[in-house]
Amino acid sequence: MKDLQRQRVFDLLQKDCSPLLGQEVNVKGWVRTRRGNKNVAFIALNDGSVIHNIQVVVDVQGFDNDELLRQITTGACISVNGLLVESQGKGQRVEIQAREVIVYGGADPEKYPLQKKGHTLEFLREIAHLRPRTNTFGAILRLRHALSFAIHKYFNDNGFYYLHTPIITGSDAEGAGAMFRVTTLDMKDVPVKKDGSVDYSQDFFGKETNLTVSGQLEGELGALALSNIYTFGPTFRAENSNTSRHLAEFWMIEPEMAFCDIHGNMDLAEEFLKYLVSYILENCADDLEFLQKQYDDGLIGRLQHVKENKFRRLSYTEAVEILEQSGKKFEYPVKWGVDLQSEHERYLVEQHFNKPVILTDYPKDIKAFYMKQNDDGKTVRAMDVLFPKIGEIIGGSQREEDYDKLHKRIEEMGIHQEDVWWYLETRKFGTAPHSGFGLGFERLMLFVSGMGNIRDVIPFPRTPQNAEF
Ligand code: 4AD
Ligand code: MG
């Protein structure tokens, strides 16, 4: 086969691919469909660079290798040399008239699971090793990439430094959720101390360690040196919550800013989310249109709505009053002091205000120890951003920078000093007002993709009883 440089389907379908028109090009990819008859075969070829396929036309009679042609079935991987020409048929501007074809790998039509279109998302979860080859997951994976890139770009353009916080952690101070233990101890012969508890001094790190639930505490150490930092990494929570919005392994973005109060924190959250939504609208139009058509006809409108409307900011206390007066019967009743459920959050966003909402000043007893205490003695300077269809997408706060207040709260909540001595020292040496938040990457992916289940916006979801792939 003639050695030609591979062209991405994305580039061949660009409006300005004309320099290549009339020339021989090479494409490689996976066969989505094959139609045709004895004389001519039409192959829809996809290489994942874009949602669209390129049409490859094969003159069957003119091809002497029948065995090779038989292997070109749905799912097969092929390389094609051929002439790029304007298409006679409708549905595509250009197509390739094949001259030479190589089959890298066939896909037995009796066995390849992705024969037809229209598989359910549930079925696709069972074949997570192959689902990247579907239009839906191609679109999702490209969106994940674009969103990740935009996140780094936003922070880089705005003077934030990317801080790599550890994945294995020796403290469980955050209390954000149950943790996964990390150990090299022999499970069949665990060393125990005299009092019967596990002797972690014999473990790899000489102490009990877990996978992190958040990079925040280390993020604060970075902010109290570099002023503005962000983290973007995997986080792990071992809750047994089988919902459409929870994963056991998910990615979180956590900016942390010195010299910033809760208002600056809210300003950043709003500007950042609007930037990301705008970026996706501008750069992922094809994938968004596909997802809108396939799954959610309100998708693009909803993205535009978020981009164009000022988020409504109000206190937890005001929100509870609205919920109590709504006359709506919620599955979980509301009263001051309870943690809000997504049904409450979505009522506020979708029915009452019809725009994203930022709630502040939550009761201190339902929030983490590090949040700045308000003078009322009852609430803390927390802020949650609530989104349509999602509920909570961001959780954050201004941090308590006063050593004595923070120390007292740590004692009240029964947190072990030896776990957080290093965190406390930042308040002893050069403390500063500071704030930050955590954005759940997959929650944002749910919002920008219109998908209904968080298992369908991450390549390999980790949920209870599920770590096959
Ligand atoms: O509200 P959370 O628990 O906040 C923190 O972890 C803070 N340390 C963040 C900070 O201030 N730096 O989690 C932050 C966000 C949530 O708003 C949600 O979007 C997402 O992380 N999240 C989850 N996403 C998927 N699956 C889960 N199990 C999630 N738990 C939280
Ligand atoms: Mg939260």
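Preceding this section is the structure that the text describes.
Treat the numbers as computed from the prediction; the structure is a model and nothing was measured. (Residues numbered from 1 in each chain as written. Chains lettered and ligands numbered in written order. Predicted model: local features only at pLDDT ≥ 70, side-chain atom pairs only at ≥ 80, totals over all residues. Heavy atoms only, no water.)

## Here's the deal with the overall build of the chain
Counted only if it meets this: Strands are runs of DSSP state E lasting at least two residues, helices are runs of H or I lasting at least four, and both sets are numbered from the N terminus onward. With a 1.4 Å probe rolled over the protein chains alone, any residue whose accessible area is under 20% of its type maximum counts as buried; one over 50% counts as exposed, and the rest are partly exposed. Whether two residues are in contact is decided by their heavy atoms, any of which lying within 4.5 Å being enough. For the charge count, each Lys or Arg is scored as positive and each Asp or Glu as negative, with His and the chain ends excluded. Charged groups are reduced to one reference atom each: NZ for lysine, CZ for arginine, CG for aspartic acid, CD for glutamic acid.
The helix and strand inventory of the chain stands at 13 helices and 16 strands. Reported as C-alpha extents along the three principal axes, the dimensions of the chain are approximately 85 × 55 × 45 Å. Evaluated residue by residue, the chain yields a buried proportion of 50% over its 469 residues. For the chain, restricting intrachain contacts to residue pairs at least 6 apart in sequence, the fraction spanning at least 24 positions comes to 66%. Across the chain, the centroid of the 56 positively charged side chains sits 5 Å from that of the 68 negatively charged ones.

## Details of the pairing of strand β3 (residues 54-59)
Residues in a regular strand point their side chains to alternate faces of the sheet. What counts here: Pairs of strands are assigned from DSSP output, requiring at least two bridges between the strands.
Extensive coverage of β3 is indicated by the burial of five of its six residues. Here β3 pairs with strand β5 (residues 94-105) via three bridges, running parallel. Residue pairing across strands places V57 opposite Q97, the latter belonging to β5.

## Topic: empty space enclosed by the protein
Here is the rule: Points on a 1 Å grid over protein atoms alone make up a cavity when a 1.4 Å probe fits among them but cannot get out, and a pocket when they form an open set with protein on both sides within 12 Å along at least five of seven lines; lining residues each have an atom within 4 Å of a point. Grid points are joined across faces, edges and corners, and a volume is the space filled by probe spheres set on the points. Each residue is assigned to one class: nonpolar for Ala, Val, Leu, Ile, Met, Phe, Trp, Tyr, Cys and Pro, charged for Asp, Glu, Lys and Arg, and polar for all the others, Gly among them.
Under the definition given, this model contains three cavities of 30 Å³ or more. Of the pockets and cavities examined, the largest cavity occupies roughly 100 Å³. Lining the largest cavity are 13 residues, with S171, E174, T212, S214 and L217 positioned closest to its centre. The element contributing the most residues to the lining of the largest cavity is helix α5 (residues 216-226), with three residues. Classifying every residue of the lining of the largest cavity by side-chain character gives five nonpolar, five polar and three charged. Along the walls of the second largest cavity sit A128, R131, P132, F137, L141, I458, P459 and F460, which together make up its complete lining.

## What to know about the sheet that holds strand β9 (residues 209-211)
With respect to topology, three strands assemble into an open sheet ordered β7-β9-β8, the strand pairing being antiparallel. Both outer strands of the open sheet, β7 (168-169) and β8 (181-182), are each paired with one neighbouring strand and no more. For β8 and β9, the ladder comprises two bridges, and the chain directions are antiparallel. Looking at β9, one finds that V182 is bridged to T209.

## Points about the sheet that holds strand β14 (residues 379-387)
Strand order in this open sheet of eight strands is β6-β10-β11-β16-β15-β14-β13-β12, and the pairing throughout is mixed. Single-partner strands in this sheet number two, and they are β6 (161-162) and β12 (312-315). Where strand β11 (residues 249-258) meets strand β16 (residues 434-440), five bridges bridge the pair, whose relative direction is antiparallel. Bridge pairing links I253 to L439 in β16.

## Some remarks on the pairing of strand β2 (residues 40-46)
Among the seven residues that make up β2, five are buried, leaving the element largely enclosed by the rest of the structure. The pairing of strand β1 (residues 24-36) with β2 spans six bridges and is classified as antiparallel. The residue of β2 that forms the bridge with G36 is A41. Hairpin geometry of β1 and β2 is characterised by an intervening segment of three residues between the two adjacent antiparallel strands. When β2 meets β3, the two strands line up antiparallel, connected through six bridges. By the bridge assignment, L45 is partnered in β3 with I54.

## Overview of the layout of surface pockets
The space that makes up the second largest pocket amounts to roughly 1,100 Å³. Elements that contribute at least two residues to the lining of the second largest pocket include exactly β11, α10 (342-353), β14, β15 (391-398), β16 and α13 (441-449). Counting residues per element, the lining of the second largest pocket draws most heavily on β15, at six residues.

## A few points about the packing of aromatic side chains
Going by this rule: A pair of Phe, Tyr and Trp rings is counted when the ring centres sit within 6.5 Å of each other, with Trp represented by its six-membered ring. The angle between the planes then sorts it: under 30 degrees is stacked, over 60 is edge-to-face, the rest tilted.
As enumerated under the stated definition, the model contains 21 aromatic pairs in all. Taking 4.8 Å as the distance between ring centres and 35° as the angle between the ring planes, the aromatic pair formed by F155 and F272 counts as tilted. One end of the pair, F155, is in helix α4 (residues 135-157); the other, F272, is in helix α6 (residues 262-283), with 117 residues separating them in the sequence. Residue F155 is classed as buried on the basis of its relative accessible area of 0%. In this structure F272 comes out as buried when scored by relative accessible area, which is 0%. With 5.8 Å between their ring centres and 80° between their planes, F330 and Y347 make a pair best called edge-to-face. Remark: Y347 occurs in helix α10 and F330 occurs in the loop between α9 (316-325) and α10; sequence separation between them is 17 residues. Across this residue pair, the class does not change: F330 and Y347 are buried. Taken together, F149, Y154, F155, F160, Y162, Y230, F272, Y275, Y279 and F437 form an aromatic cluster joined through their ring pairs.

## Remarks on the site of ligand 1
Threshold: For this purpose, a residue is taken to be near a molecule or strand whenever a single non-hydrogen atom of the residue falls within 4 Å of it. Any N or O atom pair separated by 3.5 Å or less is treated as a polar contact, with the protein-specific requirement of one donor-capable and one acceptor-capable atom, and with residues adjacent in sequence counted only for side-chain atom pairs. To be clear on the numbers: accessible area is Shrake-Rupley with a 1.4 Å probe, and residue cover counts the displayed protein chains and nothing else. Throughout, a molecule is located in a cavity or pocket provided that more than half of its atoms lie within 2 Å of its grid points.
Within the structure, ligand 1 sits among 23 residues, and E174, Q216, E254, E392 and I393 are positioned closest to it. Separating a nitrogen atom of ligand 1 from a side-chain N or O atom of Q216 is a distance of 2.7 Å. The side chain of E254 places a nitrogen or oxygen atom 2.6 Å from a nitrogen atom of ligand 1. The protein chains hide 92% of the 630 Å² of surface that ligand 1 would expose on its own. The cavity that encloses ligand 1 is the second largest pocket. Elements with a minimum of two residues in the shell around ligand 1: β11, β15 and β16. Looking at side-chain class alone, the shell around ligand 1 contains eight nonpolar, eight polar and seven charged residues.

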